[in-house]
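Reading the structure
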Amino acid sequence: MRPRLLKPLAEATSPPITVVTGPPGSGKTTLLSQYAAAEPGRAAFYSFSNGSVDPEKALTDIHGLLADCTGLAPAPTIAGSLFAVVEQLTFPVTLVLDDVHLIEGTPMQATVSRLAAMLPRRGRLLIAARTSPDWLVATLRDGIDLKQLTAEDLRFRSWEVEQLFGLHYKEPLPPEDAAALCRETEGWAAGLQMFYLSTSGKSLAERKRAVAELWGKASLLTSYLTATVLAGLPAEIVEFMVQTSAIVDLDPLACDRFLDRTDSAEILEELAGRQLFTIRTDAYRYRYHAVLQGQLETMLVSRMSAKAAQQLYRRAAVALQDVGRDQAAVRAWIRAGDWGAAEQIRQRLNRSSKAGATSNAETDRGAVPSGLETDPWVRMSEAHQLLADGRLAAAREAYRQAEVDFIDPAARKRCRTERLAVEAFLGIGAPYAQERSRDWAIRLRAATRAQPSRLWQETDIEASDGWRLAATIAAMLDGNFVAGSEIASHLLDSGSDGMRLAGRFLTAIASGIGGNLDSVADLDEVALDAEAVGQLWISRLASAQRGFFDPSAAAAAGSLVAASDASGDQWGALFAALAQAIGVALDEGESMPLFDDVVERAENLDAAVIKCWALAFQSWTAARAHLPEAHDLVRRADESARLAGVGAARAVVWYAEAELDPSSAGRLRALAGEIAARNGWGNRVALAGAAGLLPAIPQSRAPEEEPAAKLRCLGGFSLELHGEDAPWRALRPRVAAMLRLLALHMGKGVHEERIIDALWPDQPPERGRHSLQAAVSSLRHELEPSRSRGEPSIVERVGESYALRLPEPCQIDLIEFRQAIDEWHRLRLDAAPADHQLPVLARALAAYTGELLPEDGPAEWVVEEREQLRLDAAEAATALAAIHHDAGDATAAIRAAERALRIDSSHDQAWRVLLAAHEERGDVAAVERVRRRYTTMLDELGIPATPPS
């Protein structure tokens, strides 16, 4: 019994006519039969589905029912006698007619219309139908009240589901399971009944599990939908419904584009009008009832391969975006497995919402579709983005909510698997179970606790990208960068942007550990690329690891520790803190408190493997400085390495012991050196520093003479003299600006009037000249404090000009870039082959690490040269992309083209090479994203959109 619906029907004030409409199984018949049973002698119930809608039989049956209520003898079964019985009613009687939609267009339609006109004077009429009987409403006289109950009214609420199973079925469900069942069936009466039939007599645990596995190919719900909804429809309409289930937000225009047809609006309107589980959500859109949506999507994906299903969802996403349904496209991109495309849309929508929304009719059409704001696929996208930002706790909550909301068992299982992996890194779950898990992420978590060698040695090189990633990280945690580099190389050809980024990052780390310091530039590029696609965790990590190879970057690693902490990224903060501590130790700074911090972080995360490395480096740092606690730290580090099962970390401890025990130094260093050589540790890795403790290992290139000066103007100004940072940061702003102006024209004289016009334009000539002379004096004093009067200065006066003269040999990025660009232009004019141009272009782009002197903003003296260098760099990157594309290396072409567009987003040829490279790889989604990005760029420039081809 449902008091919420029955009580209003029984009230004396209830309207004389009530029409109940809803799809099959929505509970219409049950509600009306319960009402009739509760009104014995005052209600006559008749269903047109009991046999035939033959007028004579129907008249006879209805006549007999009314006669029973009035106590009159049956009269001849003709319409007139039926109306006569109605005229003789002396007390209110309710005639209940079920399945009235079956008589539409038959002679009985006119009879029921006349009854509707007569009964309100002496009784009441209750009618149930799948669709609203407009023919009946049109015949009613003015003044006759009409009440309508729809499918929304009939829908069970969660508390009614709880009462249904507890009081009626006598098999209660806990409130949370009743709510889940209500949500997944949208309160559909038939769905609830069939769930009861399929679980009756089972234990509570089994019924709870059945709630989580409601949908499946063999379920009663599936059978009911197939028999009552789909079986009665033409095959082409069923196919339309199955295909458009990929759309979800059923915009007729999107359906037309997706299916290449023009009649979607008519089909959807008919389905909604016939109450076939198709619901109009606004003036433009429709959706299928959740139960039907789940069934249709199950039918859709079960008849094709996983790859084919992804391609289909990609087409659906493109169709939705074409008509402005970006929110719905998010879900489709996620179903297609393209999390990057989904996140790009989400970020754009977030930016738009922050900028303010309008409320006109056109923009309202782009509002969040009904049901999608809490769609589990969208929640799962949020979880993925939170993961990309390193926010594990928040990601876990998003996964938990998505898992609860999923109807599809396969999707729920996938969500649960990813949630368990996140929980493993949060320290939730049994370590023993993790060591035996078949999930790569969970096994990787176990490898941070102990024995990382197990994971990488047991992983097949032909395994999935996930297992390759886990094996690479495990090998590096084990200290084996030779194995790590080999495994990581296979990730570079992955079909996933995230996996390729991870592969590039780990390859750069292994290369740097091996002694190739060019990998620092690779880390910078990875950081930029990762940030561009929203992989902030990788971006922060790549930036932080520069401190491991470059002591001058250790301070930056420290700021990334704080940034990671602020975002809740505990693991990112741990690795950034380790890089900072090692960088400071190499620079012979005060690193002991930093290592204490790393150890504490590792202990809090139960990451014994990272802890053992931190202790090993800390013991070496303490031994090198001959600190009193060095002996205790060596013992602690050795024990930690043994317990964690990381033999390579003990090699670091042996170097520390060699510092403390000169008599055993040779043997210990030999043992450690053997491990270092075997595992791919180069001369410049961590321990080497200035101490040169590791044995000489052949490098990939001959050692070069260390420059006496290093000047960088691209991507930010820096100056080193004789291996030390020049104290230019202590200069007053105008003096520092003069240094940068002279650096821009390195080796060439800059006339004093030009310097004065650039830096002191508002001063009179004599005052400006005095300011210039004072600035030169201050500059010489800070940069050359020990220079004697009369000795040559790096700030040289030549007549009325000043020039910057650095000691030789010197390394100047601006000169390296210009020379490489000039050489490339010569090669191109000479029609040199691509393999001759390739290394020159690579050299130019390695030198171009960012725009010229960003510290000086829009200063006139730098803007023109900055723009020219930017255009040269974009042209070089585009040429490099074209060479890679012509050589058939689509991955390298994409990387170079994206670099060109980061430098100059309007470079048309770079867009075309990027598009061609993605097309060559057959990446349909990427092609569409490139086209959209190109169109957006043109829109921003105010140019009519013409997608590249």
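Scoring rules and cut-offs
Residues numbered from 1 in each chain as written. Predicted model: local features only at pLDDT ≥ 70, side-chain atom pairs only at ≥ 80, totals over all residues. Heavy atoms only, no water. Helix = DSSP H or I, 4+ residues; strand = E, 2+ residues; numbered from the N terminus. Buried < 20%, exposed > 50% of the residue type's maximum accessible area, 1.4 Å probe, protein only. Contact = heavy atoms within 4.5 Å. Areas by Shrake-Rupley, 256 points an atom, 1.4 Å probe, with all protein chains shown as cover. Pairing = 2+ DSSP bridges. Axes fitted to C-alpha atoms, helices over the stretch in contact; angles between N-to-C directions. Phe/Tyr/Trp six-rings, centres within 6.5 Å; stacked < 30°, edge-to-face > 60°. Lys NZ or Arg CZ within 6 Å of the ring centre and 35° of its normal. Core = buried A, V, L, I, M, F, W, Y, C linked by side-chain atoms within 4.5 Å. Parallel < 35°, antiparallel > 145°, perpendicular 65-115°, else oblique. Left-handed = near helix turned anticlockwise from the far one by under 90°. Nonpolar A, V, L, I, M, F, W, Y, C, P; charged D, E, K, R; others polar. Salt bridge = Lys/Arg side-chain N within 4 Å of Asp/Glu carboxyl O. 1 Å grid on protein atoms, 1.4 Å probe; cavity = no way out; pocket = protein on both sides within 12 Å on 5 of 7 lines; lining within 4 Å. Points joined across faces, edges and corners; volume = space filled by probe spheres on them. Polar contact = N/O pair within 3.5 Å; in protein donor to acceptor, adjacent residues only side chain to side chain.

**Considerations on the overall build of the chain**
In terms of regular secondary structure, the chain is built from 48 helices and 14 strands. Here the chain holds 949 residues, and the buried ones make up 52% of them. Relative to all contacts within the chain whose residues are 6 or more apart in sequence, the contacts with residues 24 or more apart total 63%. A total of about 42,600 Å² of accessible surface is found on the chain, and carbon and sulfur atoms cover 51% of it.

**Here we look at the sheet that holds strand β4 (residues 123-129)**
Taken in spatial order, the five strands of this open sheet run β2-β3-β4-β1-β5, and their pairing is parallel. A strand with exactly one partner marks an edge of an open sheet, and here the two such strands are β2 (43-47) and β5 (146-149). Taken pair by pair, the neighbouring strands of this sheet meet at an average axis angle of 15°, ignoring direction. Across five bridges, β2 lies against strand β3 (residues 93-98) in parallel orientation. The residue of β3 that forms the bridge with A43 is T94.

**Section: the packing of aromatic side chains**
The tally for this structure, following the rule as stated, stands at seven aromatic pairs. A ring pair is formed by F165 and Y169, whose centres lie 5.2 Å apart and whose planes are at 75°; its orientation type is edge-to-face. Side by side, F165 and Y169 carry an identical accessibility label, which is buried. The ring centre of W824 lies 4.3 Å from the NZ or CZ of R828, which sits over that ring.

**Looking at the nonpolar core**
By size, the foremost hydrophobic cluster in this structure holds 150 residues, and its most contacted members are M241, Y288, W333, F505, W613 and W681. In terms of residue count, helix α34 (residues 570-586) provides more of this core than any other element does, eleven residues in total. Not counting chain neighbours up to four residues away, the residues in contact with W613 comprise L477, D478, G479, V646, A648, A649, V652 and W681. Membership of the second largest hydrophobic core comes to 81 residues, among which are V840, I894, I903 and L914.

**Let's talk about the packing of helix α45 (residues 860-886) against helix α47 (residues 908-921)**
In a pair of packed helices, the angle between the axes and the distance between the axes together describe the arrangement. The contact between α45 and α47 brings their axes to 9 Å, and the two run at 25°. It follows from the interaxial angle that α45 and α47 lie roughly parallel. Once α45 is placed against α47, the crossing between them reads as left-handed. Residue-level inspection shows T878, A881, A882 and H885 of α45 in contact with α47, the latter providing Q909, A910, V913, A916, A917 and E920. Considering only residue class, the contact of α45 with α47 consists of six nonpolar, three polar and one charged.

**Some thoughts on unusual backbone geometry**
The amide bond that connects E808 to the next residue, P809, takes the cis arrangement and shows omega of -10°. The residue P809 is located in the loop between β13 (801-804) and β14 (810-812) in this model. A positive phi is found at V248, a non-glycine position, where the angle reads about 70°. Inspection of the secondary structure puts V248 in the loop between α13 (235-244) and α14 (252-259). Unlike most non-glycine residues, D260 shows phi in positive territory, near 55°. Position of D260 relative to the elements: it lies in the loop between α14 and α15 (264-273).

**A look at the pattern of salt bridges**
Under the defined criterion, the tally for this structure stands at 39 salt bridges. Across the salt bridge formed by E403 and R419, the nearest N and O atoms sit 2.6 Å from each other. Of this pair, E403 sits in helix α22 (residues 392-405) while R419 sits in helix α23 (residues 409-425); the two residues are 16 residues apart in sequence, bridging distant segments of the chain. The buried category is assigned to R419, whose relative accessible area is 11%. Taking the shortest distance from any N to any O, the salt bridge between R504 and E525 comes out at 3.8 Å.

**Structural notes on empty space enclosed by the protein**
Scanning all chains against the criterion turns up one cavity of 30 Å³ or more. Considered as a void within the structure, the largest cavity measures approximately 30 Å³ in volume. For the lining of the largest cavity, a count of residues per class yields three nonpolar, three polar and one charged.

**Comments concerning the sheet that holds β13**
If you walk across this open sheet you meet the three strands as β11-β13-β12, and the pairing is antiparallel. Both outer strands of the open sheet, β11 (750-751) and β12 (795-798), are each paired with one neighbouring strand and no more. Of the strand pairs in this sheet, β12 and β13 are connected by four bridges, and their pairing is antiparallel. Residue pairing for β13: R797 is matched across the bridge by Y802. Lying over the sheet, helix α42 (residues 765-783) contacts β12 and β13, oriented at roughly 140° with respect to β12.

**Brief notes about the environment of S906**
Within the fold, S906 resides in the loop between α46 (890-903) and α47. For the pair S906 and Y934, spaced 28 residues apart in the sequence, the C-alpha separation amounts to 8.3 Å. Here the side chain of S906 touches D904 through a polar contact of 2.9 Å, side chain to side chain.

**Comments concerning the packing of α13 against helix α16 (residues 290-302)**
Following both chains from N to C, one finds α13 and α16 inclined at 90°, their axes separated by 8 Å at the closest point. Overall, the two elements α13 and α16 adopt an arrangement that is roughly perpendicular. Taken together, the residues of α16 that come into contact with α13 (itself represented by M241, V242 and Q243) are L292, L296, M299 and L300. When the residues that make up the contact of α13 with α16 are grouped by side-chain class, the tally is six nonpolar, one polar and no charged.

None of the figures reported here should be taken as evidence of function without further support.
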